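# Fold and contact review
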Amino acid sequence: MVDSRSAIGVELPVTDEPKRPVGSKPRRARRLFLWGTLGVAALLIAWITYRAAVGWYVRQLAGRCHEAWRTGQFVDLEKMAREWVRWDRSQAQPFLYLADAAQKRGDYRAAVRWLDQLPTGDPKTVPALVEQTTLLFGPLNDPLEGERACLRVLELEPAAVEPRQRLIFYYAQTLQRHKMIDQIREAIRVGSDTREDYVYLIGAYYLVFSNGAEQNHHWLKNYPDNEHFLVARALHLIGSGIVGDEAKDDPEPKRIYDFQRQQMVKEHEAVLLDYMRRFPQNLELLNYFLWQAMTNGEIQRVAELLKQVPDSAAGDGRFWRYKGWLLSAQKKFREAEQAYRKALECHPFDYPSHHQLAQVLRHLGRESEVAYIQNLGERGNELRRELLQLPNARAVTDEQLARIAAYIEDCGDQPVADALKRRLRQATGIAAGTASL
């Protein structure tokens, strides 16, 4: 037992620890919890009151904005809509008012900036963004921003027809052929395809436009050094001149026309050679000079140009076709066949690949395959002649589309053929319904 005395015999006082009242700690905890609950409740009430006040104020602003818009008071409208945006950015309507007010004073760029801020969850956003693409491709003449805006709409609404068709037209005019093909195939996939899409699709490697040079010249005003616009303008000028050859039947005028065309081509080829130095990996320039070298039988020139083709062109069937031609010229027929098969895998409607593959198959002694492949080449070329004579892609007839569908099917692209057949059945059903009214 421990002695309470010290070692020297003095008794030390013994102190007991004070006893806490029973239940004091829980009472303090309850008081803290109560005050915390009251504090949270007060904050919640304050927040609800604040939101209610903001909601009331925003509703007042909404009513005043609508009245200002209805009566054409666009200065007041812009002032109140700015105040609305300051308090609530979750709705599209104030941004639409601000964009409309900016347009009324002719500031289209400001309108575009306001539309850029639209909330993605509002049902009014997609239609407004479609209008934004109209401003960018129209009065602002800003195709690069227009492309970006179209892609934004399609992220939100993949089946939107207007922005998809704008992109297809833009890529067709600027000769960004594989971007155009991708957009057409996506349109077919989501069911927003149009009749003219099939014309663009099978003609993707040869289509030129009579207004293509003028359109690209217009876009160059805002982007004077843009590679796509510069190259497309020159190639459309040459291509639209060549397209008219078959319409010249009278021998004497045809000779004059041919001479003028040759002079034009020489002038523009000098421009293209300059562009080739500036843009050595531009696919359209490489295609133009490869086609020229192949047509002239320049084996070495074709080999040199193929070395310039970038790896990014691996999905472009035209360059596999040129490789096939080079291998065929070198008597490497089996390798040539593989190259042509790859070209048609990339783009099944490349009629020159069909023609050239048929020649290779003859060299390989596979006559049983030649007739079918040669027939595809002839049908593709005949469709090319017809389509290039159309005033525009929308002028394609139902009969031509039916032949295009059969051609696409025989080329092995069954999903696209089925989509076009459905489109034709719908058109026939609508026409029948209209006739019965």
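Fair warning: this is a prediction, and the values are worked out from it, not measured in the lab. (Residues numbered from 1 in each chain as written. Predicted model: local features only at pLDDT ≥ 70, side-chain atom pairs only at ≥ 80, totals over all residues. Heavy atoms only, no water.)

It is worth spelling out the layout of surface pockets at this point. Once rolled over the atoms, a probe with the size of a water molecule shows which space is left empty. Estimates place the volume of the second largest pocket at around 780 Å³. Lining the second largest pocket are 28 residues, with Phe 169, Gln 173, Tyr 200, Phe 209 and Asn 392 sitting closest to its centre. Broken down by secondary-structure element, the contributors of at least two residues to the lining of the second largest pocket are α7 (161-173), α9 (195-202), α10 (212-220), α11 (227-243) and α18 (367-388). Among the elements that line the lining of the second largest pocket, the one with the most residues is α7, at six residues. Within the lining of the second largest pocket, the residues separate by chemical class into 15 nonpolar, nine polar and four charged. (1 Å grid on protein atoms, 1.4 Å probe; cavity = no way out; pocket = protein on both sides within 12 Å on 5 of 7 lines; lining within 4 Å. Points joined across faces, edges and corners; volume = space filled by probe spheres on them. Helix = DSSP H or I, 4+ residues; strand = E, 2+ residues; numbered from the N terminus. Nonpolar A, V, L, I, M, F, W, Y, C, P; charged D, E, K, R; others polar.)

Before going further, it helps to spend a moment on empty space enclosed by the protein. For the coordinates displayed, the defined rule picks out one cavity of 30 Å³ or more. Each pocket or cavity is described by its volume, and for the largest cavity that value is around 30 Å³. A per-class count over the lining of the largest cavity returns five nonpolar, one polar and one charged.

This next bit is on the packing of α7 against α10. Across the interface, α7 lies against α10 with an axial gap of 10 Å and an inter-helix angle of 100°. Regarding the angle of α7 to α10, the classification is roughly perpendicular. Within the contact between the two elements, α7 uses Phe 169, Tyr 170 and Gln 173 and α10 uses Gly 212, Gln 215, Asn 216 and Trp 219. Partitioned by chemical class, the residues of the contact of α7 with α10 number three nonpolar, four polar and no charged. (Axes fitted to C-alpha atoms, helices over the stretch in contact; angles between N-to-C directions. Parallel < 35°, antiparallel > 145°, perpendicular 65-115°, else oblique. Contact = heavy atoms within 4.5 Å.)

Another point: the pattern of salt bridges. Applying the stated criterion across every chain yields a total of 31 salt bridges. The partner of Glu 147 in a salt bridge is Lys 179, and the shortest N-O contact between them spans 3.9 Å. With Glu 147 in helix α6 (residues 143-156) and Lys 179 in helix α8 (residues 177-190), this pair connects stretches of sequence that are 32 residues apart. Given a relative accessible area of 14%, Glu 147 falls into the buried group. (Salt bridge = Lys/Arg side-chain N within 4 Å of Asp/Glu carboxyl O. Buried < 20%, exposed > 50% of the residue type's maximum accessible area, 1.4 Å probe, protein only.)

The next subject is unusual backbone geometry. Positive phi, normally seen in glycine, also occurs at Asn 141, with a value near 50°. A relative accessible area of 8% means that Asn 141 is categorised as buried.

In this section: helix α16 (residues 333-346). In this model, α16 (14 residues) spans 20 Å end to end at C-alpha, consistent with the 20 Å of a helix rising 1.5 Å per residue. Residues of α16 that are buried include every one of Phe 333, Ala 336, Glu 337, Ala 339, Tyr 340, Ala 343 and Leu 344, and no others. Relative to the axis of α16, the buried residues are bounded by an arc of 165° and lie together on one face. In α16, the exposed positions that point more than 90 degrees away from the buried face belong to Arg 334, Gln 338 and Glu 345. Close packing links the buried residues of α16 with α15 (317-329) and α17 (351-363). (Expected span 1.5 Å × (residues − 1). Arc of directions from axis to C-beta.)

Taken as a whole, this structure holds 14 aromatic pairs when the rule is applied. Measuring from centroid to centroid gives 6.2 Å for Tyr 275 and Phe 279, while their planes differ by 45°, and the two rings are tilted. Both residues of the pair, Tyr 275 and Phe 279, belong to the buried class. The interplanar angle of 85° and the centroid separation of 5.2 Å between the aromatic rings of Tyr 288 and Phe 289 together place this pair among those described as edge-to-face. Judged by relative accessible area, which is 16%, Tyr 288 ranks as buried. In textbook terms, an aromatic cluster arises when at least three aromatic residues are bridged by ring pairs, as seen for Phe 137, Tyr 170, Tyr 171, Trp 219, Tyr 223 and Phe 229. Above the plane of the ring of Tyr 205 lies Arg 318, whose end atom (NZ or CZ) is 5.1 Å from the centre. Sitting over the face of the ring of Tyr 322, Arg 321 holds its NZ or CZ atom 5.2 Å from the ring centroid. (Phe/Tyr/Trp six-rings, centres within 6.5 Å; stacked < 30°, edge-to-face > 60°. Lys NZ or Arg CZ within 6 Å of the ring centre and 35° of its normal.)

Moving on, we get to the packing of α15 against α17. In contact at an axis separation of 10 Å, α15 and α17 are set at 25° when each is read in the N-to-C sense. One element, α15, and the other, α17, form an angle in the roughly parallel class. For α15 against α17, the interelement crossing comes out left-handed. Two secondary-structure elements touch here, α15 through Arg 321, Trp 325 and Ser 328 and α17 through Pro 352, Ser 353, Gln 356 and Val 360. The residue inventory of the contact of α15 with α17, partitioned by class, reads three nonpolar, three polar and one charged. (Left-handed = near helix turned anticlockwise from the far one by under 90°.)

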